[in-house]
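The residues making up each chain are set out below.
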Amino acid sequence: MIELRPFKSLGGANHGWLDAKHHFSFAEYHDPQRMGWGALRVWNDDTIAPGTGFPPHPHKNMEIITYVRKGAITHQDHLGNAGRTEAGDVQVMSAGTGITHSEYNLEKEATQIFQIWILPGSRGHQPSWSAQPFPKGERAGRFVTLASGFPQDTDALKIHANARLLGATLRAGETADYALGRERHAYLVPATGAVEIEGVTVNARDGAAISDTGILRVTALTGTEIVLVDVD
C-alpha cells in the first residue's frame, strides 16, 4: 500500500529565518490523520537562512536524525559535542535522558535539511551525538544504510530504535530494491528528482507512506536522490 503525500499538501510555517514544511503534525500544525507512521514521528523539510538557526533547546527520549540536502548545519550540545555536517551527510542525536543543543546555519547560503524523529525502542538511554560523511558515489544505484538500530549495520550511525535510515542516488531509468517486509512501515522522500513506486509517481519533496510491501521497488523517472526510513 502506498499513500502519496504531495509537497503542496504538507503543513508548515514560514518564520522568515526558517521556512518549515511538516510531513506529520508538529508545533502549531496539527492533523489527526498525520500523527506519524509507525515509529516515525516527525519528518520536517526545513530551509534555514544564512546566519540563523535554532538556539539551545532541550530534547528527551527521541532519536533525531538530520539529513543535510544543501549547505551545512553546525551542532553544539551541553555534552561538549560540536560539528559541522555538510550536504549529503548525516548527523544523529539520541536524546535519551536529556540533551540540550543548538543548530545553526553558519554558511553564506541557505541550508536545507530533512529532520527526522523516530521513537526509541526503549527510554532512558545515555544521550549522544555523532555524524558521518556518506559519499554519494557509494549509494549510486542502490540503497545504503546511513543510520540504524540493527547490530548488523556496522558501518551506519547508531540509533536506539528498530529502524533504518537509507539513501540512494539513481539515474533516470534505474531501479533499486529494498527488502522491507510486510510487517514494516517505510516513508520515502525524494530530495531531488522523481520516482515511481507501484505505478505511483513521487516527485521531489513529496512523501510516500508505504506498508504491506515485501520488496520495495523504486524506479527513477529522472536523476534522483532518495531518503528512506524503515520503521516498525
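Our subject in this report is the structure included herewith. All chains use their own residue numbering, which begins from 1 and follows the written sequence. Totals for whole chains, interfaces and linings use all residues, but because this is a predicted model, local features are given only for residues with pLDDT of at least 70 and pairs of side-chain atoms are given and counted only at 80 or more. The side-chain numbers reported here are obtained from all heavy atoms of the structure, hydrogens and water having been left aside.

## A few points about the overall build of the protein chain
For the purposes of this entry, the term helix denotes a DSSP run of H or I that reaches at least four residues, the term strand denotes a run of E that reaches at least two, and both are numbered from the N terminus. Secondary structure summary: the protein chain contains zero helices and 22 strands in total. Radius of gyration here uses only the C-alpha atoms, and the compact-globule reference equals 2.2 Å multiplied by the residue count raised to the power 0.38. Computed over the C-alpha atoms, the radius of gyration of the protein chain is 17 Å, within 12% of the 17 Å expected from 2.2 N^0.38 for a compact globule of 232 residues. The C-alpha extent of the protein chain, read off along each of the three principal axes, is 45 × 40 × 35 Å. Throughout, exposure labels follow a simple rule: accessible area from a 1.4 Å probe, protein chains only, divided by the maximum for the residue type, with under 20% read as buried, over 50% as exposed, and the rest as partly exposed. Each of the 232 residues in the protein chain was classed as buried or not, and the buried ones make up 54%. When contacts within the protein chain are restricted to residue pairs at least 6 apart in sequence, those whose partners lie at least 24 apart make up 72%. Working note: accessible area of the protein chain is about 9900 Å², and carbon and sulfur atoms make up 51% of it. When charges are counted, neither His nor the chain ends are considered; positive counts come from Lys and Arg and negative counts from Asp and Glu. A single reference atom marks each charge: NZ on Lys, CZ on Arg, CG on Asp, CD on Glu. Charge-centre separation for the protein chain: the mean point of 21 positive side chains lies 1 Å from the mean point of 26 negative side chains. Residues count as neighbours in contact if any of their non-hydrogen atoms are within 4.5 Å of one another. Only the protein chains shown count as covering a residue, and every accessible area follows the Shrake-Rupley method with a 1.4 Å probe.

## Thoughts on the sheet that holds strand 22 (residues 224–231)
Taken in spatial order, the seven strands of this open sheet run 1-20-17-22-15-13-14, and their pairing is mixed. Edge positions in the sheet fall to strand 1 (2–5) and strand 14 (157–158), since each has one partner strand and no second. Paired strands, as defined in this entry, are two strands with at least two bridges between them according to DSSP. As paired strands, strand 13 (residues 144–148) and strand 14 are joined by two bridges and run parallel to one another. When the bridges of strand 14 are listed, Ala147 appears paired with Leu157.

## Some points on unusual backbone geometry
The phi torsion of most residues other than glycine is negative, and most of the peptide bonds are trans. Phi at Ala27 takes a positive value of approximately 55°, unusual for a residue other than glycine. Assessed through its relative accessible area of 71%, Ala27 is described here as exposed.

## Let's talk about the pattern of salt bridges
By definition here, a salt bridge exists when the distance from a side-chain nitrogen of Lys or Arg to a carboxyl oxygen of Asp or Glu is within 4 Å. Tallied over the entire structure, the rule returns 10 salt bridges. Measuring nitrogen to oxygen at the nearest pair gives 3.0 Å for the salt bridge that ties Arg69 to Asp45. Here the residue Arg69 occupies a position in strand 6 (residues 63–70), and Asp45 occupies one in strand 4 (residues 40–48), the gap between them amounting to 24 residues. The residues Arg69 and Asp45 share a single accessibility class, namely buried. Asp177 is paired through a salt bridge with Arg217; the nearest N and O atoms lie 2.7 Å apart. Highlighted residues: Asp177 in strand 16 (residues 175–179) and Arg217 in strand 21 (residues 215–220), separated in sequence by 40 residues. Because the salt bridges share partners, they merge into one network encompassing Asp45, Arg69 and Arg205.

## Structural notes on the nonpolar core
Residue types Ala, Val, Leu, Ile, Met, Phe, Trp, Tyr and Cys, when buried and joined through side-chain atoms within 4.5 Å, form a set referred to as a nonpolar core. Leu40, Trp43, Ile65, Val90, Ile116, Ile118 and Leu165 are the most contacted members of the largest nonpolar core, which totals 28 residues. At the level of elements, strand 4, strand 6, strand 9 (90–94), strand 11 (111–118), strand 13, strand 17 (185–192) and strand 22 are the ones that each hand at least two residues to this core. Among all residues touching Val90, those that are not within four sequence positions of it are Ile65, Thr66, Tyr67, Thr85, Ser130, Ala131, Gln132, Phe134, Leu146, Leu157 and Leu165. If you look at the next biggest cluster of nonpolar residues, it comprises 20 residues, including Ile2, Leu166, Leu180 and Leu228.

## Points about the packing of aromatic side chains
Here the aromatic set is Phe, Tyr and Trp, taking the six-membered ring for Trp, and pairing holds for ring centres within 6.5 Å; pairs whose planes are under 30 degrees apart are stacked, those over 60 apart are edge-to-face, and all others are tilted. For the coordinates displayed, the defined rule picks out seven aromatic pairs. Between Phe26 and Trp117 the ring centres are 5.4 Å apart and the planes differ by 85°, which places this aromatic pair in the edge-to-face class. Taken as a pair, Phe26 in the loop between strand 3 (18–22) and strand 4 and Trp117 in strand 11 lie far apart in primary sequence, 91 residues in all. A network of ring pairs unites the aromatic residues Phe24, Trp43, Tyr67, Phe114 and Tyr187 as a single cluster.

## Focus on the side chain of Asp46
Mapping Asp46 onto the fold places it in strand 4. Despite its burial, Asp46 remains without a salt bridge, the nearest opposite charge being carried by Arg69 at 8.2 Å. Leave out the neighbours within four places in its chain, and Asp46 touches Leu18, Asp19, Ala20, Lys21, Phe54, Thr111, Gln112 and Ile113.

## Quick look at the sheet that holds strand 19 (residues 200–202)
Spatially, 16-21-18-19 is the arrangement adopted by the four strands of the open sheet, whose pairing is antiparallel. Bordering the open sheet on either side are strand 16 and strand 19, each of which pairs with just one other strand. Sheet twist, expressed as the average angle between the axes of neighbouring strands with direction ignored, equals 30°. What counts as an axis is a line fitted to C-alpha atoms, over the stretch in contact for a helix, and the angles between N-to-C directions run from 0 to 180 degrees.

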